[in-house]
Amino acid sequence: MENPRALGDPDHYSNRFTGTDDGGGVHINSTIVSHAYYLAVEGGTNRTSGLSVQGIGAANREQMEKAFYRAFTQLMPASSTFATARTATIRAAQDLYGTNSAVERALIQAWTAVGVN
């Protein structure tokens, strides 16, 4: 997920698939979320926005896993949007690790880098 564009998939919200195939792009566009997760853990630069993210590091991956799991299983309704996913993962990070934690900061940077505000 370091570079979804290398496989022809979107890495930024502005490049999302908007057609009718794949249920409106539900699987195709999942690479935007996966890329945000990757950036939040590993750090790096989104190739579309040029924005860099300071990740929490692979040694702390479990913290990000827990934030995403909590957000996606407890905080997001079925009708969620990309913006809802951003809000829910940031909220989960705050719940689990506190406001202004490294996980929260990495998520804010990562979602911004992939164009989800």
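Refer to the preceding data block for the structure.
Sequence order sets the numbering: in each chain, residues are counted from 1 along the sequence as written. In view of the model being predicted, local features appear only for residues whose pLDDT reaches at least 70, and side-chain atom pairs are presented and counted only at 80 or more, with totals across whole chains, interfaces and linings using the full set of residues. Side-chain calculation: all heavy atoms of the structure are included, whereas hydrogens and water are not.

Draft legend 1. Expanded view of the overall build of the protein chain. By the criteria applied, helices consist of DSSP H or I runs no shorter than four residues and strands consist of E runs no shorter than two, each listed in order from the N terminus. Helix and strand counts for the protein chain stand at five helices and two strands. Order of helices (α) and strands (β) in the protein chain, N terminus to C terminus: α-α-β-β-α-α-α. Since a compact globule built from 117 residues should have a radius of gyration of about 13 Å, the 13 Å found for the protein chain is in line with a globular shape. Each principal axis of the C-alpha distribution contributes one length, and for the protein chain these read about 40 × 30 × 20 Å. A burial count over the protein chain gives 36% of its 117 residues as buried. Within these notes, the globule rule equals 2.2 Å times the number of residues to the 0.38 power, and the radius of gyration is based on C-alpha atoms. Three labels apply to residues, based on accessible area from a 1.4 Å probe with only protein chains included: buried if under 20% of the type maximum, exposed if over 50%, partly exposed otherwise in between.

Draft legend 2. The arrangement of the environment of Q54 in detail. Relative to the elements of secondary structure, Q54 occurs in the loop between β2 (52–53) and α3 (61–75). The class for Q54 is exposed, based on a relative accessible area of 64%. Sequence separation of Q54 and T73 is 19 residues, and the distance between their C-alpha atoms is 26 Å. Here, two residues are considered to be in contact whenever any of their heavy atoms come within 4.5 Å of each other. Residue contacts for Q54: discarding those within four places in its chain leaves G43, A106 and Q109.

Draft legend 3. Region of interest: the packing of helix α2 (residues 30–42) against helix α5 (residues 102–113). For the pair α2 and α5, the least separation of the axes is 8 Å and the interaxial angle reads 140°. Relative to α5, α2 is oriented oblique. Handedness of the α2/α5 crossing: right-handed. For the pair formed by α2 and α5, the contact residues are V33, A36, L39 and A40 on the first element and A106, L107, A110, W111 and A113 on the second. Residue composition of the contact of α2 with α5, by class: nine nonpolar, no polar and no charged. Structural elements are reduced to axes, namely lines fitted to C-alpha atoms, with helices fitted over the stretch in contact, and the angle between N-to-C directions of any two is expressed from 0 to 180 degrees. Note on terminology: angles under 35 degrees are roughly parallel, angles over 145 are roughly antiparallel, angles of 65 to 115 are roughly perpendicular, and the others are oblique. Here a crossing is called left-handed whenever its near helix is offset anticlockwise from the far helix by less than a right angle, and right-handed whenever the offset is clockwise. The nonpolar class holds Ala, Val, Leu, Ile, Met, Phe, Trp, Tyr, Cys and Pro. Asp, Glu, Lys and Arg form the charged class, and all remaining residues, Gly among them, are polar.

Draft legend 4. Spotlight on α2. Take the number of residues in a helix, subtract one, and multiply by 1.5 Å to get its expected span. An ideal rise of 1.5 Å per residue puts 18 Å on 13 residues; α2 measures up with 18 Å between its terminal C-alpha atoms. Considered for burial, the residues of α2 that qualify are T31, I32, V33, H35, A36, L39, A40 and V41.

Draft legend 5. Local environment of the layout of surface pockets. A cavity here means a set of 1 Å grid points, computed over protein atoms only, where a 1.4 Å probe fits but cannot escape. A pocket is an open set with protein on both sides within 12 Å along at least 5 of 7 lines, and lining residues have an atom within 4 Å of a point. Grid points are joined across faces, edges and corners, and a volume is the space filled by probe spheres set on the points. Considering only enclosed or pocket space, the largest pocket measures out at about 340 Å³ in volume. Taken together, 18 residues form the lining of the largest pocket, with V26, V33, S80, T81 and F82 sitting closest to its centre. Mapped by element, the contributors of at least two residues to the lining of the largest pocket are α1 (21–25), α2, α3 and α4 (82–97).

Draft legend 6. A look at the side chain of T89. Here T89 lies in helix α4. With sequence-adjacent residues up to four places away left out, T89 is seen in contact with A67, F68, A71, F72, L107 and W111.

Draft legend 7. A look at the environment of N60. Along the chain, N60 falls in the loop between β2 and α3. Taking C-alpha positions, N60 is 29 Å from S14, a pair spaced 46 residues apart along the chain.

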